[in-house]
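Listed here are the chains, written in short residue letters.
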Amino acid sequence: MTLQAIKYERGRLDILDQLLLPDTSRYVPIKDTEDGWQAIKKMQVRGAPAIAIVGCLSLGVELTNKTFHKLSDLEEFVVERLNYLVTARPTAVNMADAAARFIDFMETLVVEASLDPEEAKNRIIQEFESLLEEDITTNKQIGKNGAEDILKKCGNRPVRILTHCNTGSLATAGYGTALGVVRCLHEQGKLKEVFCTETRPYNQGSRLTAYELVYEKMNATLICDSMAAILMRQKDISAVVVGADRVVANGDTANKIGTYQLAVVAKYHSVPFYVACPLTSFDRSKESGAEIEIEERPFEELTFIKGVKIAAEGINCWNPAFDVTPADLITGGIITELGEALFKHMILEYILIGPGLDL
Ligand code: MRU
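An unreviewed UniProt entry lists the chain under the name Methylthioribose-1-phosphate isomerase, from Pomacea canaliculata. Of the chain, the UniProt comment under Pathway (unreviewed entry) reads exactly: "Amino-acid biosynthesis; L-methionine biosynthesis via salvage pathway; L-methionine from S-methyl-5-thio-alpha-D-ribose 1-phosphate: step 1/6." Turning to the chain, the UniProt annotation filed under Catalytic activity (unreviewed entry) states: "5-(methylsulfanyl)-alpha-D-ribose 1-phosphate = 5-(methylsulfanyl)-D-ribulose 1-phosphate".

What follows is the structure, encoded as structure tokens:
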């Protein structure tokens, strides 16, 4: 059994409240898109794929409990709600990608003018539901591709991995992206040790990743973010593997704040730096990382921990939640479900490797 951040059955959605972890495991019901928007904004659910899945399923639950007499009313409602869900957090592209996909799907339903609105409603709910299984299948493939590439580069010897933030079962429908790679290495008996950063200020690493790694009984060690350089100098790190919130056309990648500095340090120490993410994290409408909107979060996330003040009264704060790693620092490559994309000052079309790719 892996950890389950999202519990869903038709008409009912419960999410594990990630604000309470690791001390308390409590599921909260999400009854409609307003609950979904709030849970995403407050980060009760977080991680790019999980945000999109919970957003869409919250609409699924709301639709289940509503009746539509006209197809156009259903369409208007679905489009408006999907666009609203996109506004909860700006940096991760996955919710926007899902919204575009389902708005397209809605349009194909509307073309069938004779379709009963309730039948159309069931079809769109089914599409939302398919995200859960799709995400797990994708993550397992990412894990396999990543483990294979890392082991190839390391002469098939057991490896030591450093990861950042939380990209595991709690950030996805299950298994995880960067943590899926770590999980796959562990399953193959090839993981000597995994290090996770605390991931200040919100501590997704110490609260969530550490929780997952202990739960999975991996040989795992926690470090402060500021220990990454000494770790790479002294601990024979085979690779750094992180997730992504948005990968743009030139390969620049937005991910949790602190990712950029890890990539700089990895390059200095000649440690391969990998990004692991599904193709739904790609945004080819933006040319470079400079165009990505970086979410800024409340100062209190820096100055308080569990209600206890940890900073001097009156200090100014700056709290960007993400940073952008330039493509040329992603020296290991970008691992997707289709294979590995290597970004070395090249554009996306020429460098994604894998079968069946149609960009
Ligand atoms: O602010 P968060 O916790 O939502 O940020 C999460 C990350 O940055 C993850 O690395 C990213 O979303 C990938 S999760 C598979």
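Caption draft 1: Region of the structure containing the pairing of strand β6 (residues 220–223). Relative to β6, strand β5 (residues 191–197) runs parallel, the two being bridged by 4 bridges. Considered in β6, the bridge of F195 is made with T221. Handedness of the β5-helix α7 (residues 204–215)-β6 crossover: right-handed.

Caption draft 2: Spatial organisation of the UniProt feature "site: Transition state stabilizer" (unreviewed entry) in the chain. Those places that UniProt annotates as "site: Transition state stabilizer" (unreviewed entry) correspond, in this numbering, to C165. Position of C165 among the secondary structure elements: in the loop between β4 (159–163) and α6 (178–187). Contacts of C165, omitting those with residues within four sequence positions, involve T199, Q204, G205, V242, G243 and K256.

Caption draft 3: A look at the site of the ligand. Around the ligand lies a shell of 17 residues, among which R46, A48, A171, G243 and K256 are the nearest. Mapped by element, the contributors of at least two residues to the shell around the ligand are α2 (48–64) and β9 (253–256). Taken together, the residues of the shell around the ligand break down into 7 nonpolar, 7 polar and 3 charged.

Caption draft 4: Representation of the sheet that holds β9 within the structure. Pairing is mixed in the open sheet, where 4 strands are placed in the order β11-β8-β9-β14. Two strands bound the open sheet, and with one partner strand each, they are β11 (282–283) and β14 (322–325). Across 2 bridges, the pairing between strand β8 (residues 246–248) and β9 is antiparallel. Within the sheet, the bridge partner assigned to V247 lies in β9 and is T253. The strands touched by helix α9 (residues 259–268) within the sheet are β9 and β14, with β14 carrying the most contacts at an inclination of about 35°.

Caption draft 5: Seen up close, the packing of α2 against helix α4 (residues 94–111). Contact pair α2 / α4: the axes reach a minimum separation of 8 Å and the direction vectors enclose 40°. Viewed along their axes, α2 and α4 adopt a mutual orientation that is oblique. The two elements α2 and α4 cross, and the hand of that crossing is right-handed. Of the residues in α4, those touching α2 at A48, P49, I51, A52, G55 and C56 are N94, M95, A98 and F102. Of the residues that constitute the contact of α2 with α4, the class distribution is 8 nonpolar, 2 polar and no charged.

Caption draft 6: Focus on the nonpolar core. Counting residues in each nonpolar core, the largest one holds 100 residues, and the members touching the most others are V54, V181, V240 and V241. The leading source of residues in this core is α2, at 11 residues. In this structure, V54 is in contact with I6, I15, I30, G36, A39, I40 and V45, ignoring residues within four places of it in sequence.

Caption draft 7: How the structure looks around the environment of E62. By the element assignment, E62 lies in helix α2. In this structure, the C-alpha to C-alpha distance between E62 and V214, residues 152 residues apart in sequence, is 36 Å. Setting aside residues no more than four positions away along its own chain, E62 makes contact with D32 and T33.

Here is what the cut-offs are and how they apply
Residues numbered from 1 in each chain as written. Predicted model: local features only at pLDDT ≥ 70, side-chain atom pairs only at ≥ 80, totals over all residues. UniProt positions renumbered as here; feature names shortened; annotations may be inferred. Pairing = 2+ DSSP bridges. Helix = DSSP H or I, 4+ residues; strand = E, 2+ residues; numbered from the N terminus. Right-handed = clockwise from strand over helix to strand, strands pointing away. Contact = placed C-beta atoms within 7 Å. Near = placed C-beta within 6 Å. Nonpolar A, V, L, I, M, F, W, Y, C, P; charged D, E, K, R; others polar. Axes fitted to C-alpha atoms, helices over the stretch in contact; angles between N-to-C directions. Parallel < 35°, antiparallel > 145°, perpendicular 65-115°, else oblique. Left-handed = near helix turned anticlockwise from the far one by under 90°. Core = buried A, V, L, I, M, F, W, Y, C linked by C-beta atoms within 7 Å. Buried ≥ 20, exposed ≤ 12 C-beta atoms within 10 Å, placed from the backbone.

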